[in-house]
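# Summary of structural features
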Amino acid sequence: MSPKEVLEYGAKNEARQLDLRFTDILSLQHHVSYPLSQVSESSFEDGFGMDGSSIRGWAAINESDMLLIPDPTTAFMDPFAETPTLVMNGDVIDPITKQHYERDPRWIAKKAELYLQNSGVGDTAFFGAEAEFFIFDNVRFDQNQHSGFYFIDAEEGRWNSGREKDNLGYRPRYKEGYFPVPPTDHYQDLRSEMVQTMERCGLIIECHHHEVATGGQCEIDQRFNTLVKSADNMMLYKYVVRNVANQYGKTVTFMPKPIFADNGSGMHVHQSIWKGGVPLFAGDGYAGFSQMGLWYIGGLLKHARALAAIIAPTTNSYKRLVPGYEAPVNLAYSRRNRSAACRIPMYSASPKAKRVEFRPPDPAANPYLAFSAMLMAGLDGVLNKISPGEPLDKDIYDLSPEEMKSVPSMPASLEESLNCLEEDHAFMMKGDVFTEELIETFIEYKRKNECDAVRLRPHPYEFALYYDV
């Protein structure tokens with residue numbers, strides 16, 4: 001929609017407020033609201049003033065003034081607001097230079113799309129992300145100088161099978177929660193309500209289902225879209241999931257590994273490149289892939305250890321990415337093996353369906369940064385003709401120790417992944433998509449506020465291990 005059409009759309013829906021949203025580099029979405037009487041067509045050029053100094057990883061206080069420019073193509077009516085509210089994503093602009101702010105993740109994603117077009121490789125990158133999540137009934141956590149704990153509970157959790165009161169059974173066993181029908185699947189109606197709400201907001205949903213873990217692990221699959229639009233859609237997806245759950249008296253987390261000894265939540269990302277309406281990954285090579293598609297995989301695999309810091313960006317992410325638990329830690333590709341980092345889905349022989357599924361990412365990732373970084377890695381593979389090596393079609397558990405040594409793996413910790421990113425990020429800076437300053441800021445923030453913060457605090461299990469030493 002054009003600015004005029006957006007305002008007409010808001011008036012038709014009796015909107016009284018404009019809610020402008022933007023995302024920080026750590027993937028937290030922020031918003032600021034204005035009475036609709038303060039919005040005109042000129043607002044889409046002049047923008048609205050905002051203070052960026054309190055946003056994590058953003059501007060210093062002496063350069064905090066910024067502009068937020070509404071993007072009319074992202075407009076929808078907020079399905080949760082009591083006051084009719086028109087919502088749009090905003091682009092962050094420097095008020096002095098009138099240039100895009102280099103730490104705005106959405107601008108980085110736009111630059112990644114421009115780099116693809118300027119590279120001559122293709123004109124469109126499609127991304128389809130499958131973000132898993134847990135639905136809990138209760139969560140408590142705290143950490144201070146003399147104590148630290150977390151407690152989660154879910155009516156559906158297998159651990160409640162021995163409860164005396166209000167126990168009707170029907171709970172998924174650990175690691176056996178994939179596709180059960182109700183009443184074992186407790187959340188069919190809740191997910192359906194999430195899907196209906198997403199569709200009212202403009203998202204296209206393909207399916208939804210229970211996931212492998214007990215305790216309410218679910219997945220709702222969106223249709224693929226272009227890079228920036230898919231990232232916008234992922235932020236909207238999370239907003240809807242959290243708020244519908246909240247209306248039902250539930251709480252949702254996209255934390256990768258909230259439950260010990262059960263499956264964690266991933267965000268498998270399907271991706272492909274097209275040019276002039278033609279899919280470029282379809283061909284007569286392995287698994288029906290083109291040479292370009294295999295080179296793209298080669299780029300993902302070559303830079304996967306550096307990508308890890310952005311696509312699996314929390315200390316908790318590496319409790320999911322553990323060898324031996326069917327986690328996609330093996331830096332290889334396959335047409336069906338889900339322990340390989342790159343999988344080529346074989347559901348359809350249609351050239352339009354040819355894509356690579358990159359499996360290490362998790363839903364804690366900032367989708368703007370994650371999709372952009374993966375595209376840059378894949379394009380580096382195409383432009384430099386990086387071979388992905390031989391496919392890994394064997395069962396990983398049948399490989400000998402000698403064979404396993406030849407298969408590289410993802411980093412084992414956030415700290416290791418940040419070291420890898422520090423050593424290997426030149427491919428991300430081509431076309432000025434990512435800047436050195438942004439990467440340094442990201443690494444510094446993660447090391448100080450996450451790696452060191454977790455490392456310095458006693459872990460509850462350390463008391464079980466060491467209290468009596």
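Up top is the structure.
Below, the structure is looked at part by part. This one's a predicted model, so the numbers in the text were calculated from it and none came from an experiment.

### Thoughts on the nonpolar core
Core analysis: the biggest nonpolar cluster contains 120 residues, and Phe133, Met194, Tyr237, Phe371, Leu375 and Phe434 have the highest contact counts within it. In terms of residue count, the dominant contributor to this core is helix 5 (residues 227-247) (12 residues). With residues up to four places along the chain from it excluded, the contact list for Phe434 reads Ile108, Ile310, Leu369, Ser372, Ala373, Met428, Met429 and Ile439. Counting residues in each nonpolar core, the second largest holds six residues, with Phe136, Ile152, Ala213 and Ile259 among its members.

### Considering unusual backbone geometry
Most peptide bonds take the trans form, and the phi angle of most residues other than glycine is negative. Note that the residue after Pro182, namely Pro183, is joined by a cis bond; omega there is 10°. With respect to the helices and strands, the residue Pro183 is situated in the loop between strand 9 (148-153) and helix 4 (188-200). Here Ser27, not a glycine, exhibits a phi torsion of approximately 85°, which is positive. Considering the arrangement of structural elements, one finds Ser27 in the loop between strand 1 (17-23) and strand 2 (29-35). For Ala287, which is not glycine, the phi torsion reads 55° and is therefore positive. Tracing the sequence through the fold places Ala287 in the loop between strand 15 (278-279) and helix 6 (291-302). When its relative accessible area of 8% is taken as the criterion, Ala287 is described as buried.

### Description of the side chain of His425
Mapped onto the elements, His425 comes out in the loop between helix 10 (414-423) and helix 11 (436-455). Only 3.3 Å separates the side chain of His425 from the backbone oxygen of Glu422, close enough to count as a polar contact. Excluding its chain neighbours within four sequence positions, the residues that come into contact with His425 are Glu436 and Ile439.

What counts and how
- Residues numbered from 1 in each chain as written.
- Predicted model: local features only at pLDDT ≥ 70, side-chain atom pairs only at ≥ 80, totals over all residues.
- Heavy atoms only, no water.
- Core = buried A, V, L, I, M, F, W, Y, C linked by side-chain atoms within 4.5 Å.
- Buried < 20%, exposed > 50% of the residue type's maximum accessible area, 1.4 Å probe, protein only.
- Helix = DSSP H or I, 4+ residues; strand = E, 2+ residues; numbered from the N terminus.
- Contact = heavy atoms within 4.5 Å.
- Polar contact = N/O pair within 3.5 Å; in protein donor to acceptor, adjacent residues only side chain to side chain.

Read these as geometric descriptors, not functional statements.
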